[in-house]
Amino acid sequence: MYEHRTHRLLNRAAFAIRIASHTLVALCVMALALGIGVLGYHYLGELGWLDALLNASMILGGMGPVDPLRNPVAKLFAAGYALFSGLAFIGVASLLVAPFAHRLMHSLHLDEP
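Reference entry: report on the structure contained in this document. (Residues numbered from 1 in each chain as written. Predicted model: local features only at pLDDT ≥ 70, side-chain atom pairs only at ≥ 80, totals over all residues. Heavy atoms only, no water.)

### Some thoughts on the packing of helix α1 (residues 12-43) against helix α2 (residues 49-60)
Between two packed helices, the angle of one axis relative to the other and the distance separating the axes together describe the packing. Their axes nearest at 8 Å, the elements α1 and α2 cross at an angle of 130°. On the basis of the axis angle, α1 is oblique to α2. Read as a crossing pair, α1 and α2 show a hand that is right-handed. Across from M30, A33, L34, G37, V38, L39, Y41, H42 and Y43 in α1, the residues of α2 making contact are W49, A52, L53, N55, A56, S57, I59 and L60. (Axes fitted to C-alpha atoms, helices over the stretch in contact; angles between N-to-C directions. Helix = DSSP H or I, 4+ residues; strand = E, 2+ residues; numbered from the N terminus. Parallel < 35°, antiparallel > 145°, perpendicular 65-115°, else oblique. Left-handed = near helix turned anticlockwise from the far one by under 90°. Contact = heavy atoms within 4.5 Å.)

Here you go:
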């Protein structure tokens, strides 16, 4: 996926495309994660669509739930979704930082005469 250490550093245009592709993947992961949360809060938590979106967004953003959940299945979903959201955050952050980290490491290990 990335260039080998013996290859030249990517030019700015190719690097911009790499950043854009990583950002697009990160946005897709966040949209999928948000969709899972909205569906779970709506169907299992018996919340309206807007309240489900609010709760899923707050959990995914690390803020915490807004509406109290009343049934055990919804509470189990919320616990699992909170753990999933933490891992999704780490994964998305990694996707966004990876091109910059690789470029930095690659520039430090170039074998230039």
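### Notes on the packing of aromatic side chains
Per the counting criterion, the structure on display carries six aromatic pairs. Aromatic pair Y43 and W49: ring centres 5.8 Å apart, planes at 90°, arrangement edge-to-face. On the basis of relative accessible area, Y43 is assigned to the exposed category, the value being 56%. Seen in terms of ring centroids, Y81 and F84 are 6.1 Å apart; in terms of plane orientation they differ by 35°. Their pairing is tilted. Here F84 and Y81 lie together in helix α3 (residues 72-108), a separation of three residues that amounts to about one turn. Judged by its relative accessible area of 35%, F84 falls in the partly exposed class. Here the aromatic cluster, defined as three or more aromatic residues joined through ring pairs, consists of Y41, F77, Y81 and F84. Above the plane of the ring of F15 lies R103, whose end atom (NZ or CZ) is 4.4 Å from the centre. (Phe/Tyr/Trp six-rings, centres within 6.5 Å; stacked < 30°, edge-to-face > 60°. Buried < 20%, exposed > 50% of the residue type's maximum accessible area, 1.4 Å probe, protein only. Lys NZ or Arg CZ within 6 Å of the ring centre and 35° of its normal.)

### A look at α1
Residues that lie three or four places apart on an α-helix share one face, since the helix turns once every 3.6 residues. The end-to-end C-alpha distance of α1 is 46 Å, a good match for the 46 Å that 32 residues give at a rise of 1.5 Å each. If you check which residues of α1 are buried, you get F15, R18, H22, A26, A33, G37, V38, G40, Y41 and H42. Those residues of α1 that are buried lie in contact with α2 and α3. (Expected span 1.5 Å × (residues − 1).)

### Topic: a nonpolar patch on the surface
A grouping of L39, Y43, L44, W49 and V73 is seen on the molecular surface, where their side chains present a nonpolar patch of about 520 Å² in accessible area. Looking at the element boundaries, V73 is found in helix α3. Overall, V73 belongs to the partly exposed group, its relative accessible area being 48%. (Patch = residues over 30% accessible without salt bridge, like charges linked within 9 Å, V, L, I, M, F, W, Y side chains within 5 Å. Areas by Shrake-Rupley, 256 points an atom, 1.4 Å probe, with all protein chains shown as cover. Salt bridge = Lys/Arg side-chain N within 4 Å of Asp/Glu carboxyl O.)

### Let's talk about the environment of P72
Relative to the assigned elements, P72 resides in helix α3. Taking the C-alpha atoms as reference points, P72 and R103, separated by 31 residues in sequence, lie 47 Å from one another.

### Concerning α2
In a regular helix each residue adds 1.5 Å, so twelve residues correspond to 16 Å; α2 covers 16 Å between its end C-alpha atoms and thus fits that length. Turning to α2, its buried residues number three or more, namely A52, N55, A56, I59 and L60. The arc that holds every buried residue of α2, seen down its axis, measures 125°, which confines them to one face. Those residues of α2 that are buried lie in contact with α1 and α3. In the stretch just after α2, G62 is the one whose phi turns positive, near 85°. (Arc of directions from axis to C-beta.)

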